[in-house]
Amino acid sequence: AGPRFVLSFRAAMSFSLAVHHRAVVRALGEALFHHADGPTPEQLDTLVAGVEAHLVPVSRPQRFMLLLALELVRWLPLLLLVGLDTFDGLSVERRLRILERMDRSRVLILLMPLVAFKTLFAMLFFEQPAELRAMGYPGDDRKRWLRLAA
């Protein structure tokens with residue numbers, strides 16, 4: 001039992017997203033957090049690394065389902081007949097329209113991947129120091145303010 005556990009532990013710890021999955025995560029993050037000044041390429045790189053790190057310790061069935069959801073998002077433009085390219089090949093504006101359509105959908109298979117990724121991506125993206133500063137979060141200064149308030 002010991003060697004088998006070690007092999008499966010090593011396999012799980014060496015997980016990395018496939019190139020096409022990285023592209024979909026990046027495109028999805030770019031569309032979800034799109035605004036006039038960003039997100040920056042560095043923020044998107046951090047998001048992709050965070051998603052990849054999140055998938056390392058999860059169970060194989062859960063990882064499989066999340067990767068399957070990424071595949072659904074990847075091929076959604078073709079499945080919905082709204083584009084002749086994969087999700088990551090579309091412009092940000094077209095990706096936004098597809099996400100809005102997913103968000104309004106009553107079809108569970110379209111809604112669930114969006115809900116799962118919006119939750120995970122929001123946790124990862126808004127914990128980045130640049131985004132915390134942009135939202136006015138005081139960071140380490142907050143500790144000083146809490147001491148003054150006590």
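Residues numbered from 1 in each chain as written. Predicted model: local features only at pLDDT ≥ 70, side-chain atom pairs only at ≥ 80, totals over all residues. Heavy atoms only, no water.

K.L.:
I'm lost on the overall build of the chain in this one. Help?
P.N.:
When helices and strands are tallied, the chain shows 8 helices and 0 strands. Reading the chain from its N end, one meets helices and strands in the order α-α-α-α-α-α-α-α. Taken over 150 residues, the chain has a buried fraction of 35%. Taking as baseline every contact in the chain between residues at least 6 positions apart, the subset at least 24 positions apart corresponds to 60%. (Helix = DSSP H or I, 4+ residues; strand = E, 2+ residues; numbered from the N terminus. Buried < 20%, exposed > 50% of the residue type's maximum accessible area, 1.4 Å probe, protein only. Contact = heavy atoms within 4.5 Å.)

K.L.:
Can you help me understand unusual backbone geometry in this one?
P.N.:
For residues besides glycine, phi is generally negative; the peptide bonds are generally trans as well. The phi dihedral of L81 is positive, around 60°, even though this residue is not glycine. Mapped onto the elements, L81 comes out in the loop between helix 4 (60-79) and helix 5 (92-104).

K.L.:
Sorry, what's going on with helix 5 here?
P.N.:
Counting along an α-helix, one turn takes 3.6 residues, and residues three or four places apart therefore face a common direction. With 13 residues, helix 5 extends 18 Å from end C-alpha to end C-alpha; this agrees with the ideal 18 Å at 1.5 Å per step. Taken together, the buried residues of helix 5 touch helix 2 (19-32), helix 4 and helix 6 (108-125). (Expected span 1.5 Å × (residues − 1).)

K.L.:
In this structure, what is going on with the confidence of the model for the chain? I would like to understand it.
P.N.:
Interpretation of this model should avoid reading the predicted coordinates in detail wherever pLDDT is low. On average, residues of the chain score 85 in pLDDT, and 83% of them reach the 70 mark or higher. Across the chain, element-level confidence peaks in helix 2 with a mean pLDDT of 96 and bottoms out in helix 1 (residues 2-13) with 47. (pLDDT = per-residue confidence, 0-100.)

K.L.:
Sorry, what's going on with the packing of aromatic side chains here?
P.N.:
For any pair of aromatic rings, the description consists of the separation of the ring centres together with the inter-plane angle of the planes. Following the criterion strictly, the structure yields 4 aromatic pairs and no others. Plain terms: the ring middles of F125 and F126 are 5.3 Å apart, the flat faces sit at 85° to each other, and that makes the pair edge-to-face. Classification of F125 as buried rests on a relative accessible area of 2%. Of note, R63 hangs over the ring of F15, and the distance from its end group to the ring centre comes to 4.5 Å. (Phe/Tyr/Trp six-rings, centres within 6.5 Å; stacked < 30°, edge-to-face > 60°. Lys NZ or Arg CZ within 6 Å of the ring centre and 35° of its normal.)

K.L.:
Looking at this model, I keep getting lost on helix 6. Mind explaining?
P.N.:
If you check helix 6, its first and last C-alpha atoms are 25 Å apart, about what 18 residues at 1.5 Å a residue would give, namely 26 Å. Contacts from the buried residues of helix 6 go to helix 2, helix 3 (41-55), helix 4, helix 5 and helix 7 (129-134).

K.L.:
Help me understand the packing of helix 2 against helix 4 in this model?
P.N.:
The description of two packed helices rests on the angle between their axes and on the distance between the axes. Taken N-terminus to C-terminus, the directions of helix 2 and helix 4 make an angle of 70°; their axes are 10 Å apart at the nearest point. Between helix 2 and helix 4, the crossing angle belongs to the class labelled roughly perpendicular. Between helix 2 and helix 4 the crossing geometry is left-handed. Note on element contacts: helix 4 touches helix 2 through L67, L70, E71, V73 and R74, opposite H20, H21, V24, V25 and L28. Residue composition of the contact of helix 2 with helix 4, grouped by class: 6 nonpolar, 2 polar and 2 charged. (Axes fitted to C-alpha atoms, helices over the stretch in contact; angles between N-to-C directions. Parallel < 35°, antiparallel > 145°, perpendicular 65-115°, else oblique. Left-handed = near helix turned anticlockwise from the far one by under 90°. Nonpolar A, V, L, I, M, F, W, Y, C, P; charged D, E, K, R; others polar.)

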